[in-house]
There are 4 protein chains.
Amino acid sequence: MTAPTVSPVSLTAVDGPGQPVVTPELEDLYRGFEKELLVPLWTEIGDLMPPHPRSKAQPHLWEWTKLLELAGRAGNLVPVGRGGERRAIALANPSLGGKPYASPTLWAAIQYLMPGEDAPEHRHTQNAFRFVVEGEGVWTVVEGDGIPMRRGDFLPQAGWNWHAHHNAASAPMAWIDGLDIPFQYEVESQFFDFGRDEISEAEHATPDRSRSQRLWGYPGIAPVSAIGSTAGSPLLSYRWENTDRALADQLLLEKEGFGGTVEPGHAAIRFTNPTNGADVLPTIRTQFHRIARGVETAPVQTTGSSVYQVFDGAGRVTVGQFSWSVCRGDMFVVPSWQPLSIVSEASGSDSDSGALDLFEFNDAPLFEKLNLYRTHTLTAGDPS
Amino acid sequence: MTAPTVSPVSLTAVDGPGQPVVTPELEDLYRGFEKELLVPLWTEIGDLMPPHPRSKAQPHLWEWTKLLELAGRAGNLVPVGRGGERRAIALANPSLGGKPYASPTLWAAIQYLMPGEDAPEHRHTQNAFRFVVEGEGVWTVVEGDGIPMRRGDFLPQAGWNWHAHHNAASAPMAWIDGLDIPFQYEVESQFFDFGRDEISEAEHATPDRSRSQRLWGYPGIAPVSAIGSTAGSPLLSYRWENTDRALADQLLLEKEGFGGTVEPGHAAIRFTNPTNGADVLPTIRTQFHRIARGVETAPVQTTGSSVYQVFDGAGRVTVGQFSWSVCRGDMFVVPSWQPLSIVSEASGSDSDSGALDLFEFNDAPLFEKLNLYRTHTLTAGDPS
Amino acid sequence: MTAPTVSPVSLTAVDGPGQPVVTPELEDLYRGFEKELLVPLWTEIGDLMPPHPRSKAQPHLWEWTKLLELAGRAGNLVPVGRGGERRAIALANPSLGGKPYASPTLWAAIQYLMPGEDAPEHRHTQNAFRFVVEGEGVWTVVEGDGIPMRRGDFLPQAGWNWHAHHNAASAPMAWIDGLDIPFQYEVESQFFDFGRDEISEAEHATPDRSRSQRLWGYPGIAPVSAIGSTAGSPLLSYRWENTDRALADQLLLEKEGFGGTVEPGHAAIRFTNPTNGADVLPTIRTQFHRIARGVETAPVQTTGSSVYQVFDGAGRVTVGQFSWSVCRGDMFVVPSWQPLSIVSEASGSDSDSGALDLFEFNDAPLFEKLNLYRTHTLTAGDPS
Amino acid sequence: MTAPTVSPVSLTAVDGPGQPVVTPELEDLYRGFEKELLVPLWTEIGDLMPPHPRSKAQPHLWEWTKLLELAGRAGNLVPVGRGGERRAIALANPSLGGKPYASPTLWAAIQYLMPGEDAPEHRHTQNAFRFVVEGEGVWTVVEGDGIPMRRGDFLPQAGWNWHAHHNAASAPMAWIDGLDIPFQYEVESQFFDFGRDEISEAEHATPDRSRSQRLWGYPGIAPVSAIGSTAGSPLLSYRWENTDRALADQLLLEKEGFGGTVEPGHAAIRFTNPTNGADVLPTIRTQFHRIARGVETAPVQTTGSSVYQVFDGAGRVTVGQFSWSVCRGDMFVVPSWQPLSIVSEASGSDSDSGALDLFEFNDAPLFEKLNLYRTHTLTAGDPS
């Protein structure tokens, strides 16, 4: 046994319920555990096996104006190129030790690209997506296929595809990236490959519709040449006009008496993989919510964490003991089992409809596939 | 934004490839990141997104004689009861900060029960199993069903079943527990419930065959009353006599020219859920290996980690840069992507056959279900 | 044993390879078989277990002009109402004994509804769809949801949904129905319920978009309120404009060098269930083909049968020993394992593009789900 | 359109509810339909789309003593060899026109092999099994693996495996074969290949345990070298001792108060594929029942048909309007949706336990996979 000279294990015997009586023999036993790299369950069980999830993460809000201001400054100071790879700036949950983790499993960042810039090509096992809260002019190039990015568009990017970005516009553009970097870091599944430092002139083309969209972008229609379930979605952009209309239709159907919403005044859609109807990414679920003016959602707690970005409208968000006013672009994180409730502002919204629109991503696929998913809607009878 | 007064984020600007030039403006930007709880990708990418998994864990061996000696002392000093719940002592990987983690996802512990003792009833979402390297006399009581434990037996225990243990023998008994505690701790999916402090006299019965075994313990035969895929195996013990014969048959079939082994001289079986043929637990794979006398297995690297316990025989194990002689009961951990090779001792074994028998558990189901599984067998041409 | 007085079994002993010598004892044995309702394999095996499928059905073409003329006469003579249920006239394969079977598993019919007529509500386990080759003005009302029908639209109708039809136009309308009536008749799985004799005035509304389309008609977007795999597609119409554009895009992508077609000049799409990416109906696959001007498809043989309707253009179709010139609306059947090849007319088409468009339905899901699917593309080396 | 000179379609206009008024014009229309090979729905719907399955098949009993006597005579008169392939004699349902169909989907036959005889090697897409009600001494050789056959053994044989039979004993042996011949004949999916006319001397070996059993015959244990779901079971024999004990255990568990049976006094097991927990064959379900002395099962009706063979004991079987006394070896068929109830004789059984043991096979996998399965247990309130 090649134990290190100083053991990282350090045990303190304390009196208490379920604990052994502190005696010299017990102290001696604990020194033996330390020497042999052992830790007893009985001193750790309260933290390791709690009655319900007690997240290491904390609810937190990041204001878009501040994110954008800092990203803009980075645009001037930080080059985009091989090595650093991306001008991406990640949300660091305040209780996760300063690591670039929005939650224990999720990465959320603002990415920023200056006019004419290319972000170099690479591929990695981490599953990713982009979502655009404002602006346009960047094309993501996936395996040579140029995908335009515009306000409201959602672009999934399953692991191990070559991809680069190109800003074809005359203005900088910002968007958000979501990845499962923290999860893959913890379970140690990551592979990464550098691709070409520069993409070709041909790939600087700015097609209005990507090849992906032309093959997979029709509802319920699959190309026979590419039939078969895939781990990640072959549809590489989900256009805002579809998302918007789908949400509007749900609220109209509800008004006509036909349901369709998840609760009164709360429309919600999920982005899905057309080859199998599952989530667009193996580890990440992505959804969009529209909460009608003045509506308050029921508080729901769920295993796993989620990150939201306000797309439009204004309102108030409550996560556990935290509560914030939110407006366009603001991002917040909901840790595991913390109840979330959202109110759309009753008046004074600067959007036409007065609805509050939110983009959401979370790690629910992990939990569902591993038989660990639970959700609970709080009602008056629940203990606070 | 309710940032803490002292940010946990701390950034240091350094010159280097892919890094921005260090200027006062950059320092100012980094202070802004810290204040707003942001971390750039470009300073972290080398660690976060490596070219292949570089495990935080270290290969390590724990000798059974030492484990058993310490567990025996705990038997005299540490009571088993409500609060501490179990007299279980976990392997703490030397490079994981003293936490009771054999690897970033797996818990492995020796559990010890004195004659006549009961471990109190509880249930938890953590998936668990027991494996018995020596001894007998304990019954695990799962939802009231008493399961005997004897040398070589493997007992899966999927999450959220009530269970307790009872030592009906006149001697102490030790066994090992494997769980996904670290994984569930990281992803924050854990629920835990206390059950009865004492199980009933009726549950102190010592049936030779459990109800589970009587319903599900016949090859290829399912009770029509309980048809349907379940997340965890309804078969609650996998008896040594079956495992032993299955391994012996593989080596015989190979000798007769019909294959059946995973490589020459290396028999391997997987414990499976009879309702669906999948792994016995949603997050943990369990296998048994028999390596014929003098055989050396090919070095294999795999995403995810595994823990082995030597069941019989002796040999030499190499994991990455580490190498150990092993004998009965010894346990070792193989971190993600570290190559593992095992040699069965060519002579001098104290077992009849001279084969080296090893029980293995790992976290491969996570990776397979999330499209993250990779495996690679090293050959002469591979870079060292 | 309650054998009928006259056995339906009738055996004739004949000399031949693999056959027993004809003797009085053998004749006596055969009389015993007949009496006891037994049939030996050795007299039947050649027919029952052929080297490859030899279909009982025959390739056949039905001309649309004749179908439509007869349906129009039926419109004047045959009422639509409870009992007869539908003014539907089915293709009867010439070698299936006059039964209304296009093939041993598939029903194909022209249905005809006069202005203002309602077809009464019912539901049945038979899976169905409608496809519109010309005209418009009928709404199918499924569980109260009105679905418009226009040229090119495809409307799946999975088993056991209540449905009725209403012609809101001032002209008659014809379309085709496909069902698995013969299959369900053979395996005896059919249930049928009468619904309301007349649908309500409210259901005579003529919405441009159905509720189904508003919930499920956006590419890759699912309503969170209705997540979950369903046996039949919840999307109740697949609009022509999407089908048309998807086919056009495939031919363009091919021209640009990016593939997408199933073979050069041959675009093909499959209608899929957005909840799981599978076929829209549990027993029926539906596809659409566009064959560019002058292109000839490779001859392909497949287990199972299919029915095609020409949607646009003209060309020549060869099925086994049969060959026909085809134009808009014509329908033909391809029996199991009969090679099919199609040529789009090189010139003189009355469609703009000169392409030949065909709608197809077949029974491939049966074969795939039961591990019986085979397909083979004939090449020069194959025996004719 | 190449219509035959004499159309197989023949339509008769009749007055009646839901039918058009019989006029010369209608007669003329019907002649047009006949000429163009068309059949209207309105004249056929009552037969084609009934309110519930009305089977073309009839409940029927075949007595084993008669089957065996005729098979024995065939043993003397009919050679086994290439062309006829098997000395198998099939049950012909009295209402299926003398075809060798026990039901519209299932083939059931007695097969008979004389001492020293070989049945030649072949393979076919039809899924098959053997079940042994008495005797022993034959080995089925599947892909070169010799599988012994003894009383109570069940041997599945999924489509497209090479197989032959060899009688190594000094006495004739009979057993039953079940296949999906009628189903595959109707849907036209059949392929058939002749193999070697004679199997090798080496394959005349009479191993006590097959290779299949040595790899797959341990409960919940899979060989790592062959992991993966397969369409047919890789376990090629299910030994009587396991079936017997599993059934006995269920009745004991019920007596002890723990359930396990499908209804009081009625134990039932299903043979399953250990790679996925599904049925052993893609199209056929196989089960075994033990009905305790004096017990009467609840009448159950199910979509699809089944065939039973009495394995031991005696009793009375009721299927729809038919009822028979049954004893060892007797076979009966239960058509679709006909209620089945079985009473085990209260006394006078020649088996020790007094239980009635029955082997069952049916076509339920078809229905389940195609979303067509229904079952209903009749209670006092149901219409007779």
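All values reported here derive from a predicted model rather than from experimental measurement.

1. Digging into the packing of helix H1 (residues 24-35) of chain C against helix H3 (residues 64-77) of chain D
Where H1(C) contacts H3(D), the two axes come as close as 10 Å, and the packing angle between them is 155°. The angle between H1(C) and H3(D) places the two elements in the roughly antiparallel class. Relative to H3(D), H1(C) is oriented so that their crossing is left-handed. Contacts between H1(C) and H3(D) pair C:Glu25, C:Leu26, C:Asp28, C:Leu29, C:Gly32 and C:Phe33 from the former with D:Leu70, D:Arg73, D:Ala74 and D:Leu77 from the latter. Its residues assigned to classes, the contact of H1(C) with H3(D) comprises 6 nonpolar, 1 polar and 3 charged.

2. Details of the domain arrangement of chain A
The figure often quoted for interface size is the accessible area lost as the parts come together. Domain assignment breaks chain A into domain 1 (1-49), domain 2 (60-226) and domain 3 (240-377). If you average the C-alpha positions of domain 1 of chain A and of domain 3 of chain A, the two centres end up 45 Å apart.

3. Comments concerning the arrangement of the chains
Kept free of each other, chain B and chain C leave a smallest C-alpha distance of 17 Å between them. At no point do chain A and chain D touch; the closest pair of C-alpha atoms across them sits 17 Å apart.

4. Points about the relation of the copies chain A and chain B
In summary, the two copies of the chain are related to each other by a rotation about an axis coupled with a shift along it. Under the fitted operation, chain A is carried onto chain B by 0.0 Å of movement along the axis and a turn of 180°, and the coordinates agree to an RMSD of 0.0 Å. In the structure described here, the two chain copies are related by an operation that fits a two-fold rotation axis. No C-alpha of chain A approaches the rotation axis more nearly than that of A:Lys369, which lies at 3.4 Å. A symmetric contact is evident, with 100% of the interface residues of chain A recurring at the interface of chain B.

5. Overview of the relation of the copies chain C and chain D
Mapping chain C onto chain D calls for a screw motion: a turn of 180° about the axis and a shift of 0.0 Å along it, with 0.0 Å RMSD after fitting. Most of the interface of chain C is mirrored in chain D: 100% of its interface residues are interface residues there too.

6. Topic: the interface of chain A and chain B
Facing 96 residues of chain A, the contacting portion of chain B comprises 97 residues. Across the chain A/chain B interface, buried area totals approximately 8600 Å², and carbon plus sulfur atoms make up 68% of it. For the pair chain A and chain B, the number of links is 4 salt bridges. At the boundary of chain A and chain B, one finds 28 residue pairs in polar contact (both at pLDDT 80 or more). Elements with a minimum of two residues in the side of chain A that touches chain B: helix H1 (24-35), strand E1 (38-40), helix H2 (45-48), strand E2 (60-62), helix H3 (64-77), strand E3 (88-91), helix H4 (181-187) and helix H7 (364-369) of chain A. Taken together, the residues of the side of chain A that touches chain B sort by class into 55 nonpolar, 22 polar and 19 charged. In this structure, E1(A) lies alongside strand E3 (residues 88-91) of chain B, joined through 3 bridges in antiparallel fashion. Bridging across to E3(B), A:Val39 finds its partner in B:Ala90.

7. Describing the interface of chain C and chain D
Counting residues at the interface gives 96 residues for chain C and 96 residues for chain D. Approximately 8600 Å² of surface area, both sides summed, lies buried where chain C meets chain D, with 68% of it carried by carbon and sulfur atoms. The partner of C:Lys56 in a salt bridge is D:Glu188, and the shortest N-O contact between them spans 3.0 Å. There are 28 residue pairs in polar contact (both at pLDDT 80 or more) connecting chain C and chain D. Elements represented by at least two residues in the side of chain C that touches chain D include exactly H1, strand E1 (38-40), helix H2 (45-48), strand E2 (60-62), helix H3 (64-77), strand E3 (88-91), helix H4 (181-187) and helix H7 (364-369) of chain C. For the side of chain C that touches chain D, a count of residues per class yields 55 nonpolar, 22 polar and 19 charged.

8. Quick look at the pattern of salt bridges
What the rule picks out here adds up to 98 salt bridges over all chains. The partner of A:Arg73 in a salt bridge is A:Glu69, and the shortest N-O contact between them spans 3.5 Å. With a gap of 4 residues between them, A:Arg73 and A:Glu69 both fall in helix H3, about one helical turn apart. For A:Arg73, a relative accessible area of 25% puts it in the partly exposed group. One salt bridge in this structure joins D:Asp357 and D:Arg290, with 2.8 Å as the shortest N-O distance. In this pair, D:Asp357 is assigned in strand E22 (residues 356-362) and D:Arg290 in strand E15 (residues 285-291), connecting sequence segments 67 residues apart.

9. Considerations on the confidence of the model for chain A
Here chain A averages 95 in pLDDT, while 97% of its residues score no lower than 70. In the predicted assembly, ipTM is 0.96 and pTM is 0.96.

10. A few points about the sheet that holds strand E10 (residues 163-167) of chain C
Residues and elements named next belong to chain C. Judged by pairing direction, the sheet is antiparallel, and its 5 strands sit side by side in the order E8-E7-E10-E5-E12 without closing on themselves. Among the strands making up the open sheet, the edge pair consists of strand E8 (145-150) and strand E12 (192-194). Direction aside, the axes of adjacent strands within the sheet are offset by 25° on average. Where strand E7 (residues 136-142) and E10 come together, 5 bridges link them in antiparallel fashion. When the sheet's bridge partners are listed, valine 141 is paired in E10 with alanine 164.

11. Some details on unusual backbone geometry
Residues and elements named next belong to chain A. We note that tryptophan 160 has phi near 75°; this positive angle belongs to a residue other than glycine. Tracing the sequence through the fold places tryptophan 160 in the loop between strand E9 (154-157) and strand E10 (163-167). The partly exposed category is assigned to tryptophan 160, whose relative accessible area is 26%.

12. Comments concerning the sheet that holds strand E9 (residues 154-157) of chain C
Each strand in a sheet pairs with another by means of backbone hydrogen bonds, the pair being arranged parallel or else antiparallel. If you walk across this open sheet you meet the 6 strands as E9(C)-E6(C)-E11(C)-E4(C)-E3(C)-E1(D), and the pairing is antiparallel. At either end of the open sheet lies a strand with only one pairing partner, and these are E9 of chain C together with strand E1 (38-40) of chain D. When strand polarity is set aside, the average angle formed by the axes of neighbouring strands in this sheet is 25°. The sheet contacts of H3(C) involve E3, strand E4 (107-113) and strand E11 (173-179) of chain C together with E1 of chain D, and relative to E4(C) the element is tilted by about 50°.

13. Here's the deal with the environment of B:Pro365
Residues and elements named next belong to chain B. Inspection of the secondary structure puts proline 365 in helix H7 (residues 364-369). Among the residues examined, proline 365 registers a relative accessible area of 1% and is labelled buried. Excluding residues that lie within four positions of it along the chain, proline 365 makes contacts with Asp279, Leu281, Pro282, Thr283, Ile284 and Arg285.

14. A closer look at the environment of C:Gly354
Residues and elements named next belong to chain C. Tracing the backbone through its elements, the reader meets glycine 354 in the loop between strand E21 (340-344) and strand E22 (356-362). A relative accessible area of 1% means that glycine 354 is categorised as buried. For glycine 354 and isoleucine 269, which are 85 residues apart along the polypeptide, the C-alpha to C-alpha distance reads 19 Å.

15. Description of the pairing of strand E10 (residues 163-167) of chain B
All names here are of chain B. Counting buried residues in E10 gives 5 out of 5 residues, a clear majority hidden from the surface. Of the two faces of E10, the one carrying His163, His165 and Asn167 and the one carrying Ala164 and His166 are both buried. Looking at chain direction, strand E5 (residues 118-124) and E10 are connected through 3 bridges and run antiparallel. Within E10, the position partnered with aspartate 118 by the bridge is histidine 166.

16. A closer look at the packing of aromatic side chains
Applying the stated criterion across every chain, the model contains 90 aromatic pairs over all chains. Both rings, one in A:Phe154 and one in A:Phe359, keep their centres 5.8 Å apart while their planes meet at 40°; by these two values the pair is tilted. One end of the pair, A:Phe154, is in strand E9; the other, A:Phe359, is in strand E22 (residues 356-362), with 205 residues separating them in the sequence. Judged on exposure class, the residue A:Phe154 and its partner A:Phe359 are both buried. The ring of B:Trp160 carries the charged tip of A:Arg374 above its face, separated from the ring centre by 4.2 Å.

17. Side note on helix H1 (residues 24-35) of chain B
Along an α-helix, residues three or four positions apart point the same way, because every turn accommodates 3.6 residues. The end-to-end C-alpha distance of H1(B), which contains 12 residues, comes to 16 Å, matching closely the 16 Å that a straight helix rising 1.5 Å per residue would cover. Residues of H1(B) that are buried: B:Leu26, B:Leu29, B:Tyr30, B:Gly32, B:Phe33 and B:Glu34. Here the buried face of H1(B) lies against H3 and E3 of chain A together with strand E1 (38-40) of chain B. Just beyond H1(B), the residue with positive phi is B:Leu37, at close to 60°.

Conventions used here
- Residues numbered from 1 in each chain as written.
- Chains lettered and ligands numbered in written order.
- Predicted model: local features only at pLDDT ≥ 70, side-chain atom pairs only at ≥ 80, totals over all residues.
- Heavy atoms only, no water.
- Axes fitted to C-alpha atoms, helices over the stretch in contact; angles between N-to-C directions.
- Helix = DSSP H or I, 4+ residues; strand = E, 2+ residues; numbered from the N terminus.
- Parallel < 35°, antiparallel > 145°, perpendicular 65-115°, else oblique.
- Left-handed = near helix turned anticlockwise from the far one by under 90°.
- Contact = heavy atoms within 4.5 Å.
- Nonpolar A, V, L, I, M, F, W, Y, C, P; charged D, E, K, R; others polar.
- Domains from an automatic or database assignment.
- Least-squares fit on C-alpha atoms with pLDDT ≥ 70 in both.
- Buried area = accessible area lost by both parts, 1.4 Å probe.
- Salt bridge = Lys/Arg side-chain N within 4 Å of Asp/Glu carboxyl O.
- Polar contact = N/O pair within 3.5 Å; in protein donor to acceptor, adjacent residues only side chain to side chain.
- Pairing = 2+ DSSP bridges.
- Buried < 20%, exposed > 50% of the residue type's maximum accessible area, 1.4 Å probe, protein only.
- pLDDT = per-residue confidence, 0-100.
- Phe/Tyr/Trp six-rings, centres within 6.5 Å; stacked < 30°, edge-to-face > 60°.
- Lys NZ or Arg CZ within 6 Å of the ring centre and 35° of its normal.
- Expected span 1.5 Å × (residues − 1).

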